[in-house]
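# Tertiary structure, described
Here is what each chain is made of, one letter per residue.
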Amino acid sequence: QEVTLRVHHFLPAPAPVPKNFITPWAEKVEAESGGRIKVEIYPAMQLGGKPPALFGQAKDGVVDIVWTLPGYTPGRFPGTEAFELPFMPASAEATSQAAWDFYEKYLRKEFSDVHVIATHVHSPGLLHVKGDGVAKLEDMQGLKLRGPTRQVNALLSALGATPVGMPVPAMPEALSKGVIDGTVIPWEVTTPLKVAELVNSHTDFESTRGFYTAFFVFVMNKASYDGLPAELRQVIDANSGRETSKWVGRVMDQGDAPGIKAAEAAGNTIRKLSPEEVARWKEVAAPLAAAWIAEMDGQGYDGAAMVADAKALIASYAGAE
Amino acid sequence: MSGLALSALAFAAMLGMIFLRMPIGAAMLLTGFTGTWIVTGSTTPVLAQLKSLTYDTFSSYSLSIVPLFLLMGQFAAKSGMSESLFRAAADWLGHRKGGVAMAAVGACAGFGAVCGSSLATAATMGQVALPEMRRLRFSNALSTGVLAAGGTLGILIPPSVILVIYAILTEQNIIKMFAAALVPGILAAAGYMITVAIYARVSPDSAQVAPRVPYGQRFRNLARVWPVVAIFALVIGGIYLGWFTPTEAAAIGAIATGGYALAVGRLSRKDFADCVLAAASATAMIFLIVLGAQALNTFLALTQTPQAAADWVTQSGLSPWMVLALILACYLVFGCVMDSLSMILLTIPIFFPIVMALDFGLPPEETAIWFGILALMVVEVGLITPPVGLNLFIIHSLARDIPMSETYRGVAPFVISDLIRIAILAAFPVITLGLMRAMF
Amino acid sequence: MRSDSMATAGTLGLAPALEARIGRALGWASRILALAGGVVLTAVALMTVLSIIGRGFSFAGLGPVPGDFELVEAGCAVAVFAFLPWCQYRRGHVTVDIFISRFPLRLQAGLAVIGNAALSLAACLIAWRLWYGMIDKFSYGETTMILGMKLGYAYAAAVPGAAFFAVVCLYTVWRSVNETIRGQEER
Ligand code: NA
Ligand code: NA
């Protein structure tokens, strides 16, 4: 063994992505390198800092590799928000492949400080609310909801809810104290946070495209990558890109089942809003995409083309499902 | 060098620096930085991480409870709540043998319900109760001993700054920790009162009797403790009734206590400055050590020491109870020379994984909470064990004419009471966990 | 005790009169900074109470203060940075004195020089890196989640506390050098 790569992330080791992607990925890399690479994984922010610091840690070489969300640092990766606009995502497996193509076309500049191994999304998120829950658009009025990203918070505001920002670990307590009435996350994340026990209803959307998703990246320090001998760099390359992104996406999709099961076991209401109702939501959400396009145009991008491309890419992979 | 050997060496070096009087936070920071530098072979990780680590640590939502509870304690001390608590307790208990000392314990427990720090409780109640006991000719040993011990109730009874920090370090629910601390805290107060009673019997000259007070006055004075009751009910009750989060409760507590002090005319601009400056100093001291612990933990994680230590203990063949006894004994020894917060921050990253790897027949969350309460109890004993016991020093600073040796002698029976209580709580986890199980 | 050492303060040490004068100025400034931090902390507490009240009356159309969590985080951080210099000026950072309590007073004071120098090193590192952290936050345009407030400003508000902490630490090295020369510490 000649190289040690340290991987840092914010989830506990038994969560789906660390267990079914990061660990197997590390083992695969170790095996394919013939034992010349050793990968050490540090879960749950063991090496210090808050999750938003992860990207900087990879960029600056505190560690070699991190798994994180660009959305943790709003304003820094505006391009990734194309995938976080309302009603964009299909399954995580399909959308993650589209995310990789989109990264290659538009996001190389935003991520030029690091070497990107994979880009992916989680399976479409939904509403988890205390009490009777949300059966129609009007039910959103005045609800205090915790949203994960800037775009989701804007969406919640547009829908009439009050977005409340807080770190993920504070969410279960805030739910039980009524600081928030509910939260917006994918099924997969409800399991470790025991959200099913804290809310009474879950609202999903009957639509070919889910409510929203969040962008994730698995990135490596540039110098660590460039410093590898050519053969070892090839090992990393062979475990990067669209296929790897697809793998994480699939893991995220598969993570949903236990969350749904827990909600059923808790006797919660699980709703799917009808296509007619969803159409009303989409109408209210439409100005957000327009606002984002204007914002991107202001920064010298072609926002409209980015949204159109993101949609087309997602459609191309989702169609093949 | 293996990771474990490196961290053992680093710990030895750090303790050396600490015992040569380097500020504990500085020793932890420099050890952590140097260790990380050695393990990674480069200064880049340390320097790059430090760009955001300090701000990230200081801007923690859960840690913001700490300055708020400290401010609340300062306001409570200024507001005269301590006097009314002591007056009320002394009216009811003073006519018994040693009753005023028991009243001091009761008042400390009451003050502990609105103050998250032992030092503030000892200082505040000491100012009120010590002159009274000396006027009644209690022995110097008993009067200083009981107040130093009573001060620890500030942290044994929730709210409690150290419990907050333990909960954050080990990712436990603060509310459940507070619930678990309540019964042991009340047991501590009861144990101290029994100790006073025995003390008074064994050494009748130490403890005196105050004149009996008519019931009318007793009830009048009892009614004057309403602000303490109201604020405790609002802060702790509000958390349990699900009105707000612990951080919000601390904010409410600080504003309510400050507002009360203002309303009774005890919070002039100068008083406010005094409160802020005292809370500021304690806050800065705590956060610097927390930052040091972060730096140290990064280094320990890189060396894989916590896992290695846990593996080593589980393979050693020692029984879980034996390991627990050793850990608690370790705290008692360290407590003789170190303050409680530094001990918790230094040791929990190592001891906690060890304890969690052992089987005490409890679910993991209950093990974590129960061990947290036990650790809290043993480190708090450190506040009153010679030679370095911060509560002893605080009481000493209030009565410079009483030699330290008398205070050491006076506090000894209370230390014994602590040890008995800790043994009981370790043997019967249900005492700690019962209330929490009933509530959640 | 204080007046005794004040009397000797003018006679021994490295520029003792200047050290005393600078010490008074730094003490005054750290006090002001700590008080400012206290005002921020109190404001954070008040804002939180308002937010809870707003939440309680949401049926009446009120609501929580937008971004209350991030305001608590930023306010608390700025306050803590502002508290650091005062704590150091007042010798408030906790130390273990027991093993050296039998040492000669001059040696004890000499060890304080080392302790304060170590803390100075840590404080300078913290301030120096925080500055670069601030530049990072500004140059990447990172914002908070709800209010969209530039994180760089929060860092910028923390910088004076961190920088002043380093200055006060360096001053305390000088102070303890002079106390060592005089033979004992002023408590
Ligand atoms: Na308390
Ligand atoms: Na002690």
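For every chain, the first residue of the written sequence is number 1, and numbering continues from 1 along that sequence. Note on labels: chains are lettered from A, ligands numbered from 1, in written order. pLDDT decides what is reported in this predicted model: residues at 70 or higher carry local features, side-chain atom pairs at 80 or more are listed and counted, and totals for whole chains, interfaces and linings draw on all residues regardless. Side-chain measures were taken over the full set of non-hydrogen atoms in the model, leaving aside hydrogen atoms and water.

Note the threshold: UniProt positions are given in the numbering used here, feature names are shortened, and annotations may be inferred rather than shown by experiment.
Going by what an unreviewed UniProt entry lists, chain C is known as TRAP transporter small permease protein and is assigned to Pelagibius litoralis. In the Subunit (unreviewed entry) part of its UniProt record, chain C is described as follows: "The complex comprises the extracytoplasmic solute receptor protein and the two transmembrane proteins." Listed in UniProt under the heading Sequence similarities (unreviewed entry), the comment for chain C reads: "Belongs to the TRAP transporter small permease family."

## Thoughts on the pairing of strand 3 (residues 65–68) of chain A
Side-chain positions along a regular strand alternate between the two faces of the sheet. Residue and element names in this part refer to chain A. Cut-off, in case you're wondering: Throughout, exposure labels follow a simple rule: accessible area from a 1.4 Å probe, protein chains only, divided by the maximum for the residue type, with under 20% read as buried, over 50% as exposed, and the rest as partly exposed. Each helix is a run of DSSP H or I of at least 4 residues and each strand a run of E of at least 2, with the numbering of both proceeding from the N terminus. We call two strands paired when DSSP finds no fewer than two bridges between them.
Burial along strand 3 is two-sided: I65 and W67 facing one way and V66 and T68 facing the other are all buried. By the bridge criterion, two bridges tie strand 1 (residues 3–8) to strand 3 in an arrangement that is parallel. Of the residues in strand 3, the one forming a bridge with V7 is I65. Relative to strand 10 (residues 215–221), strand 3 runs antiparallel, the two being bridged by four bridges. Across the sheet, W67 pairs through a bridge with F218, a residue of strand 10.

## A few points about the coordination of the sodium ion (ligand 1)
Residue and element names in this part refer to chain B. Spelled out, the test is: Water is not part of the atom set, so a site may look incomplete; the donors themselves are N, O and S atoms within 2.8 Å of the metal, or 3.2 Å for Na, K and Ca.
The coordination sphere of the sodium ion (ligand 1) contains the protein donors G112 (O), C115 (O), G154 (O), I157 (O) and P159 (O), at a distance range of 2.2 to 2.4 Å. Binding-site remark: the sodium ion (ligand 1) is held by donors from one chain whose sequence spacing is G-x2-C-x38-G-x2-I-x1-P. By the burial criterion, I157 is buried, and P159 matches it.

## Looking at the interface of chain C and chain B
Heads up, the rule is: Two residues form a contact once any of their heavy atoms are found within 4.5 Å. Once two parts are brought into contact, the accessible area they lose, counted with a 1.4 Å probe and summed over both, makes up the buried area. When a carboxyl oxygen of Asp or Glu lies within 4 Å of a side-chain nitrogen of Lys or Arg, that pair is called a salt bridge. We call two N or O atoms a polar contact when they sit within 3.5 Å, provided that within protein one can donate a hydrogen and the other can accept it, with sequence-adjacent residues counted only if both atoms are side-chain atoms. Under the scheme applied here, ten amino acids are nonpolar (Ala, Val, Leu, Ile, Met, Phe, Trp, Tyr, Cys and Pro), four are charged (Asp, Glu, Lys and Arg), and all others, including Gly, are polar.
Tallying the contact residues gives 57 residues for chain C and 52 residues for chain B. Of the roughly 5000 Å² buried between chain C and chain B, counting both surfaces, carbon and sulfur atoms make up 78%. For chain C, the biggest contributors to the area lost against chain B are V94, V96 and R129 of chain C; these three give 13% of the whole. Between the two partners, chain C and chain B, sit three salt bridges. Summed over the shared surface of chain C and chain B, the number is eight residue pairs in polar contact (both at pLDDT 80 or more). Elements with a contribution of two residues or more to the side of chain C that touches chain B: helix 2 (16–56), helix 3 (68–89), helix 4 (105–140) and helix 5 (151–182) of chain C. In terms of residues, the side of chain C that touches chain B owes the most to one element, helix 4 of chain C, which gives 17 residues. Looking at the side of chain C that touches chain B residue by residue, the classes come out as 40 nonpolar, nine polar and eight charged.

## A closer look at the interface of chain C and chain A
Tallying the contact residues gives 14 residues for chain C and 23 residues for chain A. Where chain C abuts chain A, roughly 1500 Å² becomes buried across the two surfaces, and 58% of that area is made up of carbon and sulfur atoms. When the buried surface of chain C facing chain A is broken down by residue, F69, Y140 and M145 of chain C rank first, second and third, together holding 42% of it. Run the count over chain C and chain A and you get two salt bridges. The residue R76 of chain A makes a salt bridge to E142 of chain C at a minimum N-O spacing of 3.1 Å.

## A word on the sheet that holds strand 6 (residues 144–146) of chain A
Residues and elements named next belong to chain A. Rules: The convention used is that axes are lines fitted to C-alpha atoms, helices contributing only their stretch in contact, and that angles between N-to-C directions extend from 0 to 180 degrees.
What the six strands build is an open sheet, ordered 7-6-8-5-9-11; its pairing is mixed. Bordering the open sheet on either side are strand 7 (162–164) and strand 11 (269–273), each of which pairs with just one other strand. Sheet twist, expressed as the average angle between the axes of neighbouring strands with direction ignored, equals 25 degrees. Relative to strand 8 (residues 182–185), strand 5 (residues 126–129) is paired through four bridges, and the arrangement is antiparallel. Counted as the bridge partner of L126 is I185 from strand 8. Lying on the sheet, helix 12 (residues 275–298) is in contact with strand 5, strand 9 (201–205) and strand 11; it crosses strand 11 at an angle near 75 degrees.

## Quick word on the packing of helix 4 (residues 65–78) of chain B against helix 15 (residues 269–303) of chain B
Residue and element names in this part refer to chain B. Using the following cut-off: In this scheme the handedness of a crossing depends on how the near helix is turned from the far one: anticlockwise by less than a right angle means left-handed, clockwise means right-handed.
Put simply, helix 4 and helix 15 touch, their axes get as near as 9 Å, and they point 145 degrees apart. Note that helix 4 runs across helix 15; the crossing there is right-handed. Facing helix 4, whose interface residues are V66, P67, L70, L71, Q74, F75 and K78, helix 15 presents D271, F272, D274, C275, V276, A278, A279, A282, T283, I286 and F287. A class-by-class count of the residues in the contact of helix 4 with helix 15 yields 13 nonpolar, two polar and three charged.

## Points about unusual backbone geometry
In most cases, non-glycine residues show a negative phi, while peptide bonds are predominantly trans. Here the residue pair P158 of chain B and P159 of chain B is connected by a cis peptide bond, since its omega of 0 degrees sits within 30 degrees of zero. Relative to the assigned elements, P159 of chain B resides in the loop between helix 9 (153–156) and helix 10 (161–170). A positive phi is found at K194 of chain A, a non-glycine position, where the angle reads about 55 degrees. Relative to the assigned elements, K194 of chain A resides in the loop between helix 6 (187–193) and helix 7 (195–198). Here R21 of chain B, not a glycine, exhibits a phi torsion of approximately 75 degrees, which is positive. By the element assignment, R21 of chain B lies in the loop between helix 1 (3–19) and helix 2 (24–40).

## Describing the UniProt feature "transmembrane region" (unreviewed entry) in chain C
Sequence positions flagged by UniProt for "transmembrane region" (unreviewed entry) are, in local numbering, residues 30–53, 109–132 and 152–174 of chain C. Helix makes up 100% of residues 109–132 of chain C and strand 0%. Its end C-alpha atoms lie 35 Å apart.

## As for helix 9 (residues 230–238) of chain A
Residue and element names in this part refer to chain A. What counts, and what does not: An arc is given here, and it is the one of the directions from the helix axis to the C-beta atoms.
Along helix 9, the residues classified as buried are L232, V235 and I236. The buried residues of helix 9 all sit within an arc of 95 degrees when viewed along its axis, so they share a single face. Away from its buried face by more than 90 degrees, helix 9 exposes Q234 and A238. Packing partners of the buried residues in helix 9 comprise strand 1, helix 1 (16–32), strand 2 (37–42), strand 4 (114–121), strand 10 and helix 8 (222–226).

## Re the confidence of the model for chain C
Residues and elements named next belong to chain C. We apply this condition: The pLDDT score gives, residue by residue, the confidence of the prediction method on a 0 to 100 scale.
On average, residues of chain C score 91 in pLDDT, and 94% of them reach the 70 mark or higher. Across residues 1–9, where pLDDT falls below 50, the model places eight contacts with residues more than four positions away in sequence or in other chains. Both scores are available for the predicted complex, with the pTM at 0.92 and the ipTM at 0.94.

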